[in-house]
Amino acid sequence: MPLLFGNTFLGNITLRSTHYRQYQPEELELAQALAYQATLALQLIRLAEEARQTAVAKLNEVSAREQEQAAQERATELEKANETLRQRDRLLSVVAEVTKDLLHNSQVEQAIVQAFQQISEAASISRMTLMREKLEVSSGRLQHHVIQEWVASGIPRQMDDPATKVMYSDEYGALCDELRAGRSIWYVIEDLPEPVQTQQKDIAVKSTGAVPIFIEGQYFGCVAFDDCSDYRQWTPHEVDVLTSSAGAIGAALHRKQLVDRLVAERIQAEQERAAELAKTNQALKNSIDRLAADPDLNGFLGQVILEIIEQLSLYTAWVERYDPAAQTLQIHLLANQGTLQLKPELPGRSDLSQGYSVQDSAAWNLLLQTKQPLVITLETLPQFFAGDDLERQRQWTEQFGIQCGINLLLIMGDEPLGILVLFSTDRARFTREELELAQALAQQATLAIQLMRLAEEAKQAAILEERNRMARDIHDTLAQSLTGVVMQLNAATEFLISQPAQTQTCITRAQNLAKQGLAEARRSVWLLYDSNLNPLGLPDSLTRLVEQMTTRTVHISLTIVGTPCCLDAAINMALLRIAQESLTNALRHAQPQTIHLQLTYTPQQIQLQVRDDGCGFDLQQPTERGLGIVGMGDRAKAISAQLQIESKLGIGTQTIVTVAIAPP
């Protein structure tokens, strides 16, 4: 920075930093203010040296008395110079302090008023004002408005004077031209032209000065300094220091404009972001509303794709589902021009419709690594396609005018489910907000695919459960009946020659068992069509079961305790099958004389007990269990019931099933 005193070059100050950096305007303005102080110091040193040399010359020329007188006069001058230096130092110190505050205080208007007071008191100035030039819309004339002011005690406020609070720039003519040219002005009141002189006298001005302020190269206004107590001749060092203080005020105003602009930009950005979020929320709400209105998952997935196309103004979009077993991707659903196609045949890309391997897919591998939206343009096609695949993709994009595409990974946890592919014909890029919206809606597509997978798994589980149920039913009905038929026919064969009468009895029993098996088979087939049995029919079903299984040698009885209540058909069927299995096991293996069934209803639960007085078995002794006991356990588990089997050798066996009843 040059050190200039008037037009005299005294030297320069060089700033260096050990870091790569850009100096801020506020730092340069502060450095310039300090450079002014260095200039004044150098000038005073030079003046002192010149004065010393002049004094030495005079002392050599005059007599001792004259030398003494001259020394006294010089001492007086030096004292005055020292006082000037002290005043300069005080003013420089104040300017440095207020400069620091102006550059760091967030309340710029308040800091400017405080700076005015400190500078005015240090420089013995009566009034300081900050004026801004504005255009009067009605007349088209430029005006200087007083926007900040500080006055000493007893001094009239300029902001209270209509003639000088707002001054037309053209009335001040050459004065305003000087300021716009970047030059400060310093006058005694008598040297000002009319009508400026009269206007300034009305607010008690005797000496005045003004320093221009420029912000980003544009004239902003000026800082004015008024002395209302003395016709003051402004000294160079006063001019330099006050000019420096005005520069600090300009830097503070510039900083305030930058902050205000940044705040406005951030507010606008937040408003735009809020609008994008509202758009995203509405899109998500639309898809959820459609799911509530249409429970079909393919329909929901299609609506999600159509919503994405509408929000992003796309040409087409489709979902490719991933088959982890085959390591392939295949188009599952296509949306184009408002229509949806399930498992479509894509013109020009039959490989996508039939399924393709992901092992050599650069796009798929990149999606798995980043899990971020992948934007593919015409220029980047070779990065993701090669050979014949690249040529097919180029032909397809040219045929339909595709400009840009987005691939979004559909993933649930760490498990990839597929890709959502979007294409546009009227843009070559997407904004960050649009990509975020696409990601949000892609999550809805992920949800739809996951629900479809779960539905398919649930369907398979239901099929498996139905197969197991049918197996249990066959075991509990047909298998037992056929086993009895085989046993009776074997016995009839043994008695055929020796005991013909007993043979007929066995054949009759085999016929009855076959009829029972046929009836149960018809019942099971009927249940495949309608499982909603009469919820109050369990006591009647148990009664018929007891009648069918009672023999001449074994007495079977049934007791109902409590008032039968309405139960789910599944509970009724499970309890009936458990009772049937218990009776069959007892008749086949235990050789009992009596079997007693008790069905107990209470407000909290329903309990079925089956007790026999047969031979029993050892629960601790490992035996090969058949399907019967396993089936009873499965049936009890299916209805959340507690199954308890107790048995003692030579005493008998007891089976207890307890089901909790939900309160009405």
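These numbers were taken from a predicted model, which means no experiment stands behind them.

*Asks:* Help me get a handle on the side chain of glutamine 200, residues and values and all.
*Replies:* Mapped onto the secondary structure, glutamine 200 falls in helix 7 (residues 196-202). Residues within four places of glutamine 200 in sequence aside, it is in contact with Thr164, Met167, Tyr172, Ile189, Leu192 and Val205.

*Asks:* Residues and numbers for empty space enclosed by the protein, please.
*Replies:* Within the structure shown, the criterion is met by 1 cavity of 30 Å³ or more. What the largest cavity holds in volume is close to 270 Å³. What lines the largest cavity is a set of 20 residues, among which Met167, Tyr172, Ile185, Gln200 and Ala210 lie closest to the centre. Looking at the lining of the largest cavity, the elements that each hand over two or more residues are strand 3 (127-135), helix 6 (174-180), strand 6 (185-188), helix 7, strand 7 (207-215) and strand 8 (218-227).

*Asks:* Can you break down the pattern of salt bridges residue by residue, with the values?
*Replies:* Counted according to the given criterion, the structure contains 17 salt bridges. With a closest N to O distance of 3.7 Å, arginine 157 and glutamate 149 form a salt bridge. Its relative accessible area of 36% is what places arginine 157 among the partly exposed residues. Note on glutamate 149: relative accessible area 7%, which makes it buried.

*Asks:* Please provide a residue-by-residue account of unusual backbone geometry, values included.
*Replies:* Each neighbour pair has its own omega, and for glutamate 194 with proline 195 the value is 0°, a cis peptide bond. By the secondary structure assignment, proline 195 is in the loop between strand 6 and helix 7. One non-glycine residue, glutamate 216, lies in the positive phi region at around 55°. Mapping glutamate 216 onto the fold places it in the loop between strand 7 and strand 8. Among the residues examined, glutamate 216 registers a relative accessible area of 48% and is labelled partly exposed.

*Asks:* Describe the sheet that holds strand 5 (residues 166-168), listing the residues and the values that go with them.
*Replies:* Pairing is antiparallel in the open sheet, where 6 strands are placed in the order 5-4-3-8-7-6. At either end of the open sheet lies a strand with only one pairing partner, and these are strand 5 and strand 6. Averaged over all pairs of adjacent strands, the angle between strand axes in this sheet comes to 25°, irrespective of strand direction. Here helix 3 (residues 108-123) sits on the sheet and contacts strand 3, strand 4 (142-151) and strand 8; the angle it forms with strand 4, its principal contact strand, is near 65°.

*Asks:* Give a description of the pairing of strand 14 (residues 404-412) that names residues and reports values.
*Replies:* Taken across its 9 residues, strand 14 has 8 buried, putting it largely inside the fold. Looking at chain direction, strand 14 and strand 15 (residues 415-424) are connected through 9 bridges and run antiparallel. Following the sheet pairing, isoleucine 406 is matched in strand 15 by leucine 422. If you look at the hairpin formed by strand 14 and strand 15, you'll find 2 residues sitting between the two strands, and glycine 413 has a positive phi there, around 70°.

*Asks:* Mind laying out helix 13 (residues 387-400), listing which residues take part and the relevant values?
*Replies:* Since the α-helix turns once every 3.6 residues, residues separated by three or four places project in the same direction. The end-to-end C-alpha distance of helix 13, which contains 14 residues, comes to 21 Å, matching closely the 20 Å that a straight helix rising 1.5 Å per residue would cover. The set of residues buried in helix 13 consists of Leu390, Gln393, Trp396 and Thr397. Looking down the long axis of helix 13, one finds its buried residues gathered within 130° of arc, a one-sided arrangement. The exposed residues of helix 13 that point more than 90 degrees off its buried face are Gly387, Asp388, Glu398 and Gln399.

*Asks:* Can you tell me about helix 16 (residues 538-549), naming the residues and giving the values?
*Replies:* The end-to-end C-alpha separation of helix 16 is 16 Å, in line with the 16 Å expected for 12 residues at 1.5 Å each. Within helix 16 the residues assigned to the buried category are Leu538, Pro539, Ser541, Leu542, Leu545, Val546 and Met549. Seen from one end, helix 16 has its buried residues packed into an arc of 160°, which puts them on one side.

*Asks:* Lay out the side chain of threonine 653 in plain terms, naming residues and giving numbers.
*Replies:* Inspection of the secondary structure puts threonine 653 in strand 20 (residues 652-660). A polar contact is formed between the side chain of threonine 653 and the side chain of serine 647, at a distance of 2.8 Å. In contact with threonine 653, not counting residues within four places along its chain, are Val610, Arg611, Asp612, Gly616, Phe617, Ile645, Glu646 and Ser647.

*Asks:* Got a sec to walk through the nonpolar core? Specific residues and values, please.
*Replies:* Residues Leu130, Val223, Phe225 and Ile249 are the most contacted members of the largest nonpolar core, which totals 34 residues. For this core, the elements supplying multiple residues, two or more each, are helix 2 (64-104), helix 3, strand 3, strand 7, strand 8 and helix 8 (236-293). With residues up to four places along the chain from it excluded, the contact list for phenylalanine 225 reads Ile125, Arg127, Met128, Trp186, Ser207, Thr208, Gly209, Val211, Trp234, Leu242 and Ser245. Among the nonpolar cores identified, the runner-up in size contains 30 residues, and Met549, Ile556, Leu597 and Met632 belong to it.

*Asks:* Report on the confidence of the model for the chain, specifying residues and quantitative values.
*Replies:* For any part of a model where pLDDT is low, the fine detail of the predicted coordinates should not be relied upon. Scored by pLDDT, the chain comes out at a mean of 80, with 83% of its residues at no less than 70. No element of the chain has a lower mean pLDDT than helix 2, which averages 68, and none a higher one than strand 18 (residues 605-612), which averages 94.

Rules of the game
- Here the residue numbering is sequential within each chain, running from 1 through the sequence in written order.
- A pLDDT threshold of at least 70 governs which residues receive local features in this predicted model, and a stricter bar of 80 or more applies before side-chain atom pairs are shown or counted, although totals over entire chains, interfaces and linings include all residues.
- As a rule here, side-chain values cover all heavy atoms of the structure and leave hydrogens and water aside.
- By definition, any uninterrupted DSSP run of H or I lasting at least four residues is a helix, any uninterrupted run of E lasting at least two residues is a strand, and each is numbered from the N terminus.
- Two residues form a contact once any of their heavy atoms are found within 4.5 Å.
- Any residue with an atom within 4 Å of a point lines the site, the site being either a cavity, points on a 1 Å grid over the protein atoms alone where a 1.4 Å probe fits but cannot get out, or a pocket, an open set with protein on both sides within 12 Å along at least 5 of 7 lines.
- Grid points are joined across faces, edges and corners, and a volume is the space filled by probe spheres set on the points.
- Take a side-chain nitrogen of Lys or Arg and a carboxyl oxygen of Asp or Glu: if they are within 4 Å of each other, that pair is a salt bridge.
- Note on classification: 1.4 Å probe, protein chains only; a residue is buried when its accessible area is under 20% of the maximum for its type, exposed when over 50%, partly exposed between these limits.
- Two strands qualify as a pair provided DSSP detects at least 2 bridges between them.
- Structural elements are reduced to axes, namely lines fitted to C-alpha atoms, with helices fitted over the stretch in contact, and the angle between N-to-C directions of any two is expressed from 0 to 180 degrees.
- Given a helix with a known number of residues, its expected span is that number minus one, times 1.5 Å.
- Working definition: the arc comes from the directions between the helix axis and the C-beta atoms, pointing outward to the latter.
- In the analysis that follows, any N or O atom pair within 3.5 Å is treated as a polar contact, provided that within protein one partner can donate a hydrogen and the other can accept it, and provided that, for residues neighboring in sequence, both atoms belong to side chains.
- In these notes, a set of buried Ala, Val, Leu, Ile, Met, Phe, Trp, Tyr and Cys residues joined through side-chain atoms within 4.5 Å is what counts as a nonpolar core.
- Residue-level confidence of the predictor, termed pLDDT, takes values from 0 up to 100.

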